[in-house]
Amino acid sequence: MISPRMTLRMQEKQYTSSLLIFFIYNPSFGPQESEVENKIRNVGLCEAIVQFTRTFCQTKPAKSLHTQKNRQFFFEQEDSFWIVMVVRNPMGEEPNKDGKPQEEEGILVVLILCYSLFFLAMEAGLLQYLQTLHLQSRDLLDVFGGIALFPLDKKSYLKIQSFVNRVEESLSLIKCTAFLYNDQLIWSGLEQDNMRILYKYLTTSLFPRHSEPELAGRDSALRPEVARNLLHYGRFLTGPANLKDPEAKFRFPRIFVNTEDSYEELHLIVYKAMSAAVCFMISASVELTREFCEQLVGLVGPQLTLLVSDICEQYNVNRRISGLDKEPQFKFIYFNHMNLAEKSTIHMRKTPSVFLTSVHPDLMKILGDINCDFARVITLNYNPIRVITLNYNPIRVITLNYNPIRVITLNYNPIRVSSLNYNPIRVSSLNYNPIRVSSLNYNPIRVSSLNYNPIRVSSLRPSFDSSL
Amino acid sequence: MSEEHYLELCENPVQFENASSVNNVFFDEANKQVFAVRSGGATGVVVKGPDDKNSVAFRMDDKGEVKCIKFSIGNKILAVQRTPKSVDFISFIPDYPHLECSQECKMKNASILGFCWTNWNEIIFITDQGIEFYQVLLDKRSLKLLKSQSVNVNWYMYCPETAVILLSTTTQGNVLQPFAFKSGTMSKMPKFEIELPVVPKPAKLNLTERDIAVATIYGQLYVMYLKHHSRTTDSPCAEVVLYQLPREGSCKKTNVLKLNTTGKFALNVVDNLVVVHHQSSQTSIIFDIKLREPDCAFNVHQPVLPGRSIHPYRIPLTGPAAVATQPPVPCELYSSSWSVFQPDIIISASQGYLWYLQVKLPPTVNLLQDKGKLMDFLLRRRDCKMVILSVCAQMLNGGDKGGLPVVATVFDKLNQVYKEYLEAEQTYTVAMESGPSRGSAARDRPVRTQAVIDQSDMYTHVLSSFSEKKDTSHKFIIAVLMEYIRSLNQVQITVQHYLYELVIKMLVQHNLFYMLHQFLQYHVLSDSKPLACLLLSLESTYPPAHQLSLDMLKRLSTANDEIVEVLLSRQQVLGALRFIRSVGGHDNISARKFLDAARQTADQMLFYTIFRFFEQRNLRLRGSPSFNPGEHCEEHVVYFKQVFGDQALMKQVTV
C-alpha cells in the first residue's frame, strides 16, 4: 500500500488545476456595472459564448468551454444569474478530445455548491469557501456531495435526541439544531437539502479552520470552562471567542435556508465540545445578546460535555465489538441518493486541503469516470442494477450501481495501475442483456457485515449467482 | 381546602356501644375485635370484628371486673382476665361441649400484665416477672407450659402480624427485649436499648408504652420511638426514631423522622407511610422512609407533605330515627378520647367507633410540587395507578409543565418499576421452565402492583389523547414521545408498535419526513412488518419511504414474499427474481406471477429473460423446459412464440 504521504505528493504533482477567475453576473445589470475593464471583458466573453451557443439549443446553452490553457464553466442557477469559474488546466496533462467527464461534473458540482453556499452563508461562507477550494483534491466524494453519518447505537442516539429537544425547549429562540460528531452528522433539524450545503460548509470550511489549534494542543480553548459549577469543554466556533471579554461581539454568521416556499435568514451558532459540534439556528430577525449566549453556554456546555464522553465511550465499545478498528476488509465508497449518506473506506482522512486516499489517484479518476457514465446511462435506460468488473490482474475494480443507492467498491487493494485504461463505451454495451450482467461473478460488499449503523440500506442488495 | 386532606377515616367504621360506667370496651389488636362488656358480662358481651358482618354476642357469668378479654385466632377460645393472678378460658368451638378452665401464672408473687394469643390455642402470659408461653388443652381442662422466661418487665407490646413481643426491662424501661413466637416455639431476640434524651437521676421508669409503637413498614418490622424534646438537648422539636428489628441479627437505629414541633403525638402506619397525628394543631403529617431527602443527612426524613387535618368526618345517624333530612353530625377529630392502634386503627371509645385510617392520593398531587419526588412517593402506594396516569396527563397538558427534563425524570421512574416487574416475570418464567427440581425453592409468581405502568397504560390514558391536542405544539408532542421511547430503551424494554405509529403519525402530519428518515436510519423505530407496511403507504408523499420499507422487510428476513410482491408491483421483475433467488426461494415461486408482471412492463427483452429463466428452472426441476398445465402459463407461451418465434423456445435436451 502506498503511504498517504506519497499519495498526496503524487496528487499534487499530477493535478495542479487551480482556480483563476470566479465571478457571478447578471446580464441585465450589465450596462451599469462598469468598474474594472478586465472584469467586464471576462463577463462579456462568457456572455457571448453563452449567447452564441444558445443559437444551437435554446434550452441548454454551453456548460463549459475548453481551451488549451484553461477551462471555463458556466452555471445558471437562477434566471439570468450566472456563476462562472475559470480553471487553469493541469500542467503536462494530455489534451483529451472527449473531455474528462468526471472532472467536468466535479467542477460543475463545485460550482453548484458555490452557488448554494452563496445563498446559505452570504457573510461567512463564500469567500472563505473559495479560499479553501482546492480543485486538485476533488474526487468522487465531491461529486456525490454526500453527508457522512456517524454510526451510533440507538440508546446514545436517543440521548442526543433528548438533549436537542431539551435545549430547543428551554431556549425557544432556537429554530432548529444539527448535531455532529467527528465531523459526521448525527442529527439534523434542517431539511436534507439545506443540511447538505451546511454540512459542506462546516466540514470544508468552518471545522478545518478551527481544527489546527486543537491538533496542536496549545489552544487555550481546550481549557475546561466552568458554568453553573460544572466543568465543561464547550466553546463557540462562530460568534464570540470569549464570553468573559467585555468587548466581545455577539455577531454570528447568517445563513439562508430554503423553507417551504421562500428563503429564511438564520443566525448560525456553532458550539463545540471536544469532538461534538452543535449548530443552533435562530431567526436572523432576533438580535442575539450576551445574556442569551451565557444562557446557552450554561445550559449546553455541561450537558454536551457529558454527552460527548458518553458517545465516545459507546463508540469505542462498538468499534471493538465489530472489529471496525481493524483495516477494512473491503474497500468501498458508498453513496445513497435517498439520504445522501456517504461512506468511504478509501478516504482515510479529510484534511482541509486534500482527501488522503489509500488507492492510487488514477484509480480514483477511473471511478469518477465510471460514475459519470452511470449518471448518463441511467437517464437513457432505467434499469436499477449495473455491475462493471474491470479485471486487470492484480487489481479488480468492481462497481455496483443500484439506483437509487450507489455503491462503488474496490475489491483487493494492490495497486499497480499505471496503464489502466477505461473505455466508457463498454458500459452501454453492458446494457443489452440484463441476465448476463447478473451472472457476473460478484458478491457485493457486505456493508451490513461491517456494521455500519446508519446505512444498512445495502442489506437489500441484489446478489448474483456464481455461474461465470 | 377539602382537596388537600390527604388522610381520611374509612367510610364504614366498626360501630359499637360506647364506653360508659356499665359498659367496658376492650380492643384486641390481633383479631381487630372490639369487645363491649356490660356489667362484667352478665348482661352481655358484644364483639365486633373488622369484616365479620355478624357480630358475636354472648353472656357470661359476672365473676368480677374484666381486666382484659380476647379471642384466640379464629374465635376458638375466649380468654378473660379478671384477677392479677389468673386468666379464665371458655371454649367457643361450634358443636363442641362448653368447657371452661382457669390458669394462674407460674411465678410466685407475679402479677399478670396481660396476655396475647399467638395461635388458635397458644397464649403468652406477660407478668411483671417474665413471660409464660402456654398451650391450651381444652379437653383436659388444663394448660401446658411450653416455655417461660423470667425477666423484670415494666410493660409489653405485641405485634400480632409478626408474633413478636417487646418487653420493657431495666429500671428506666429503655432496654427492650423482643421475643418471637412461631407454632409452639419461642425464641429470644437480641435486646436493644432506646437512647433516651435525658437520663433521670435517680434512675426511674422513663420510657413508657405510650411512646413506643411496633409496626411493619415495607415488609420490615420497626420499633417506633416517639422522642419528645428535652430542655437539655439542642433539638427543640420532637422526632420519631425508627429501630429496625430484623428476624436475624440485632436491632439497629435506621431512620429519624423530624416532626418540627412539640406536643402530643400519636402514630399510625398506613400503606407503608408513617402517619404522625399532632393533637394540638389537629393535623397529621406523613413520612415515607424510602424517600431520600436530598438536603438531609442520611436517613433523616422531613414530612413528605405539609401537615393537614384528617378529612372532616360526619357521623351518619343510625337507627330507625335516621331521616334523610337530618344532616349527619360532624365528628370531632383528634379528640382526646381517641385511642390509636397499629397499624391503621383509630378508636373513639366514647363515641363507639373504630375507623381505619386511609391515605387519599389525589390531594397529594397538588401538595408535592417536585414531580420526581411525587412519582417516587406515588409509585410506592397501593392504589396509585390512576393517580400516576393523571399526573402524567396533567404534566403534559397543564400549564405548569416543568418541561422535558421533568417529563424525562417521570418516565424514567415509571419505566424503572416497569422494568423490574418485567425482569421478575422473566426470571419466574425461566425458573418455571427449568422445572421445580432445579430451583431450590418454589418461586411465587411476581405480583403486578398498581405501580407497574406499562406502555399500553401510558398510551391509552396519556399519550394518545395528548398527541391529539390541538393547542400543544407538535414539536413538544414529538419530543415527549421520543422521550418516552428513549426512557424505554434506556432500561431495555421493547417498544410497542403503537408508540412508533404515534410518532410516525405526528411526523407525517407535519411533513417532517426527513426527521422520520433519520429515526429510521438509526433504528430508533425498530423494524417490524406493520411499520414496513406503514412506510410503504407513505411512498406517495415521501418517495424514499419505499426503499426504507424494503430495507426493513429485508432485515426482518421473514418477509420475503412481501418483498417480492412490492418489487413486482413496482415492475421491478428482475429485481424480484434476483431477490428470491438470493434467498433460495426461486424453485417455489409462481412462474405465472412473474411472467404476468414482465408482460405488463411491455419490455420484450425483459419478458424474454424472465421466460428463459423459468424454462431453465423447469429443465432443472423436471428435465423439460416446458411449463406444467398447473402453472397456467399457456397464454405466455403463446405470446412468447408470437414475439420471438417457435424456434426461440428452449429445446428439450435429448440424451
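Residues numbered from 1 in each chain as written. Chains lettered and ligands numbered in written order. Predicted model: local features only at pLDDT ≥ 70, side-chain atom pairs only at ≥ 80, totals over all residues. Heavy atoms only, no water.

S.K.: What is the right way to look at the overall build of chain A in this model?
M.R.: Summing up its helical and strand segments, chain A has eleven helices and 20 strands in all. With 468 residues in all, chain A has 53% of them scored as buried. Sequence-distant contacts, at least 24 apart, represent 65% of the contacts inside chain A between residues at least 6 apart. Per element, the accessible surface of chain A, about 22,400 Å² overall, is 51% carbon and sulfur. (Helix = DSSP H or I, 4+ residues; strand = E, 2+ residues; numbered from the N terminus. Buried < 20%, exposed > 50% of the residue type's maximum accessible area, 1.4 Å probe, protein only. Contact = heavy atoms within 4.5 Å. Areas by Shrake-Rupley, 256 points an atom, 1.4 Å probe, with all protein chains shown as cover.)

S.K.: I tried to follow the overall build of chain B on my own but got confused; where do I start?
M.R.: Secondary structure summary: chain B contains 15 helices and 32 strands in total. Over its C-alpha atoms chain B spans a radius of gyration of 38 Å, topping by over 25% the 26 Å that the globule rule assigns to 655 residues. By its C-alpha atoms, chain B is 125 × 60 × 55 Å across when sized along the principal axes. By residue count, 51% of the 655 residues in chain B fall in the buried class. Sequence separation of at least 24 residues holds for 51% of the intrachain contacts in chain B that already meet a minimum separation of 6. Of the roughly 30,300 Å² that chain B leaves accessible, carbon and sulfur atoms contribute 51%. (Rg over C-alpha atoms; globule rule 2.2 N^0.38 Å.)

S.K.: I keep staring at the packing of aromatic side chains and nothing clicks. Help me out?
M.R.: How two aromatic rings sit relative to each other is given by the distance of their centres and the angle of their planes. Residues and elements named next belong to chain B. This structure, assessed with the given rule, holds 35 aromatic pairs over all chains. Geometrically, the ring pair formed by Phe611 and Phe640 is stacked, given 4.0 Å between the ring centres and 10° between the ring planes. Linking Phe611 in helix α14 (residues 604-622) with Phe640 in helix α15 (residues 634-644), this pair joins segments that are 29 residues apart in sequence. Each member of the pair, Phe611 together with Phe640, is buried. These aromatic residues form a ring-pair network of at least three members: Phe607, Tyr608, Phe611, Phe627, Tyr639, Phe640 and Phe644. Residue placement shows Lys70 over the ring face of Phe115; its charged tip is 5.4 Å from the ring centre. Sitting over the ring of Phe377, Arg381 keeps its end group 5.0 Å from the ring centre. (Phe/Tyr/Trp six-rings, centres within 6.5 Å; stacked < 30°, edge-to-face > 60°. Lys NZ or Arg CZ within 6 Å of the ring centre and 35° of its normal.)

S.K.: Mind showing me how you'd approach the side chain of Thr254(B) here?
M.R.: Assignment of secondary structure puts Thr254(B) in strand β23 (residues 252-258). The residues touching Thr254(B), leaving out its near neighbours within four places in the chain, are Tyr222(B), Leu242(B), Tyr243(B), Gln244(B) and Asn299(B).

S.K.: Looking at this model, I keep getting lost on the sheet that holds strand β14 (residues 142-150) of chain B. Mind explaining?
M.R.: The pairing of strands in a sheet happens through backbone hydrogen bonds and is either parallel or antiparallel. All names here are of chain B. Read across the open sheet, the four strands follow the order β11-β12-β13-β14; overall the sheet is antiparallel. Two strands close off the open sheet at either side, each with one partner strand: β11 (112-117) and β14. Going across the sheet, the axis of each strand differs from the next one's by a mean of 20°, ignoring polarity. Note that β11 and strand β12 (residues 122-127) share five bridges and pair antiparallel. Within β12, the residue paired with Ile112 across the bridge is Thr127. (Pairing = 2+ DSSP bridges. Axes fitted to C-alpha atoms, helices over the stretch in contact; angles between N-to-C directions.)

S.K.: Please explain the state of the cysteines as it appears in this structure.
M.R.: Formally, a disulfide is one covalent bond, and it connects the sulfur atom of one cysteine to the sulfur atom of another. All names here are of chain A. Going through the model one piece at a time under the given rule, you end up with zero disulfides over all chains. Of all cysteine sulfurs, the one in Cys279 lies closest to Cys293, which takes part in no disulfide; the gap is 15 Å. On the basis of relative accessible area, Cys293 is assigned to the buried category, the value being 0%. (Disulfide = S-S within 2.5 Å.)

S.K.: Is there a simple way to explain the nonpolar core in this structure?
M.R.: If you look at soluble globular proteins, the nonpolar side chains tend to sit buried side by side. Judged by nonpolar contacts, the single largest core of 198 residues is most densely connected at Phe179(A), Met281(A), Leu304(A), Met458(B), Leu463(B), Phe594(B) and Ile610(B). Examining the composition of this core, we find that eleven residues originate from one element, helix α8 (residues 290-322) of chain A, more than from any other. Among the nonpolar cores identified, the runner-up in size contains 21 residues, and Trp155(B), Leu207(B), Val241(B) and Cys251(B) belong to it. (Core = buried A, V, L, I, M, F, W, Y, C linked by side-chain atoms within 4.5 Å.)

S.K.: Would you mind going over unusual backbone geometry with me for this structure?
M.R.: Outside of glycine, negative phi angles account for most residues, and trans bonds account for most peptide bonds. All names here are of chain B. Cis geometry is found at the peptide bond from Gln342 to Pro343, where omega equals -5°. You can see Pro343 is positioned in the loop between β30 (338-341) and β31 (345-348). Here the phi dihedral of Asn75 falls at roughly 55°; this positive angle occurs in a residue that is not glycine. Assignment of secondary structure puts Asn75 in the loop between β7 (68-71) and β8 (77-81).

S.K.: Sorry if this is basic, but what is going on with the domain arrangement of chain B here?
M.R.: Taken domain by domain, chain B comprises domain 1 (17-155) and domain 2 (571-654). Placing a centre on the C-alpha atoms of domain 1 of chain B and another on those of domain 2 of chain B gives a separation of 97 Å. (Domains from an automatic or database assignment.)

S.K.: How should I be thinking about the environment of Gly249(B) in this particular structure?
M.R.: Structurally, the position occupied by Gly249(B) is in the loop between β22 (239-244) and β23. Through-space distance from the C-alpha of Gly249(B) to that of Pro190(B) is 7.2 Å; in sequence the pair is 59 residues apart.

S.K.: Sorry, what's going on with the pairing of strand β16 (residues 164-169) of chain B here?
M.R.: Regular strands show a simple pattern: their side chains alternate between the two faces of the sheet. Residue and element names in this part refer to chain B. Summarising burial for β16: six of the six residues are buried, a large majority. Alternating positions in β16 separate into two faces, Val164, Leu166 and Ser168 on one and Ile165, Leu167 and Thr169 on the other, with burial throughout. Hairpin connection, strand β15 (residues 156-159) to β16: the antiparallel pair is bridged by four residues, and Ala163 has positive phi, about 55°. Where β16 and strand β17 (residues 175-182) come together, six bridges link them in antiparallel fashion. Bridging across to β17, Val164 finds its partner in Ala180. As consecutive antiparallel partners, β16 and β17 are separated by five residues, and within that stretch Thr170 has a phi angle of approximately 65°, a positive value.

S.K.: What's the story with the packing of helix α5 (residues 455-467) of chain B against helix α7 (residues 497-509) of chain B in this structure? I'm lost.
M.R.: Axes are the key here: two packed helices are described by the angle between their axes and the distance separating the axes. Residue and element names in this part refer to chain B. Two numbers describe how α5 lies on α7: the axes approach to 11 Å, and their chain directions differ by 15°. With respect to α7, the axis of α5 lies roughly parallel. Crossing of α5 against α7: the hand is left-handed. For the pair formed by α5 and α7, the contact residues are Gln455, Ser456, Tyr459, Leu463, Ser464 and Ser467 on the first element and Tyr498, Leu499, Leu502 and Met506 on the second. Taken together, the residues of the contact of α5 with α7 sort by class into six nonpolar, four polar and no charged. (Parallel < 35°, antiparallel > 145°, perpendicular 65-115°, else oblique. Left-handed = near helix turned anticlockwise from the far one by under 90°. Nonpolar A, V, L, I, M, F, W, Y, C, P; charged D, E, K, R; others polar.)

S.K.: Honestly, the pattern of salt bridges in this entry has me stumped. Any pointers?
M.R.: Two side chains with opposite charge may pair up if their charged atoms get near one another. All names here are of chain B. Tallied over the entire structure, the rule returns 32 salt bridges over all chains. Put simply, Asp288 and Arg381 hold a salt bridge, and the shortest N to O gap is 3.1 Å. Placement of the pair is Asp288 in the loop between β26 (283-287) and β27 (300-301) and Arg381 in the loop between α2 (371-379) and α3 (385-397), with a sequence separation of 93 residues. Like Asp288, the residue Arg381 is buried in the burial classification. (Salt bridge = Lys/Arg side-chain N within 4 Å of Asp/Glu carboxyl O.)

S.K.: Help me understand the environment of Leu268(A), please; the structure alone is not making it clear to me.
M.R.: As for its placement among the helices and strands, Leu268(A) is situated in strand β12 (residues 263-273). Not counting the four nearest positions on each side in its chain, Leu268(A) is found in contact with Leu198(A), Tyr201(A), Thr238(A), Phe252(A), Pro253(A), Ile255(A), Cys279(A), Phe280(A) and Met281(A).

S.K.: I keep staring at the sheet that holds strand β10 (residues 100-104) of chain B and nothing clicks. Help me out?
M.R.: Residue and element names in this part refer to chain B. The four strands lie next to each other as β7-β8-β9-β10, forming an open sheet whose pairing is antiparallel. Because the sheet does not close on itself, it has two edges, and the strands there are β7 and β10. Recorded for the sheet is a direction-independent mean angle of 20° between the axes of neighbouring strands. With five bridges joining them, β8 and strand β9 (residues 86-91) adopt antiparallel strand pairing.

S.K.: Looking at this structure, I do not really get the side chain of Asp271(B). What am I missing?
M.R.: Tracing the chain through its elements places Asp271(B) in the loop between β24 (265-270) and β25 (273-278). What Asp271(B) contacts, discounting residues up to four positions off in sequence, is Arg380(B), Arg381(B) and Arg382(B).

S.K.: Explanation requested: α7(B) in the structure shown.
M.R.: Count 3.6 residues to each turn of an α-helix, and residues three or four apart come out pointing the same way. All names here are of chain B. If you check α7, its first and last C-alpha atoms are 18 Å apart, about what 13 residues at 1.5 Å a residue would give, namely 18 Å. Among the residues of α7, those classed as buried are Leu499, Tyr500, Leu502, Val503, Ile504, Met506 and Leu507. For α7, the elements touching its buried residues are α5, α6 (474-490), α8 (513-521) and α9 (529-537). One or two positions beyond α7, positive phi appears at Asn511, with a value near 55°. (Expected span 1.5 Å × (residues − 1).)

S.K.: What exactly am I supposed to notice about the pairing of strand β4 (residues 33-38) of chain B here?
M.R.: Residues and elements named next belong to chain B. Of all the six residues making up β4, five are buried; the element is thus mostly covered by neighbouring parts of the structure. Sheet topology note: the strand β3 (residues 23-28)/β4 ladder contains six bridges and is antiparallel. Looking at the pairing, Phe26 lines up with Phe35 of β4. Where β3 hands over to β4, the hairpin turn is made up of four residues, of which Lys32 adopts a positive phi near 55°. Taken together, the four bridges between β4 and strand β5 (residues 45-48) define a ladder with antiparallel strand orientation. Following the sheet pairing, Phe35 is matched in β5 by Val47.

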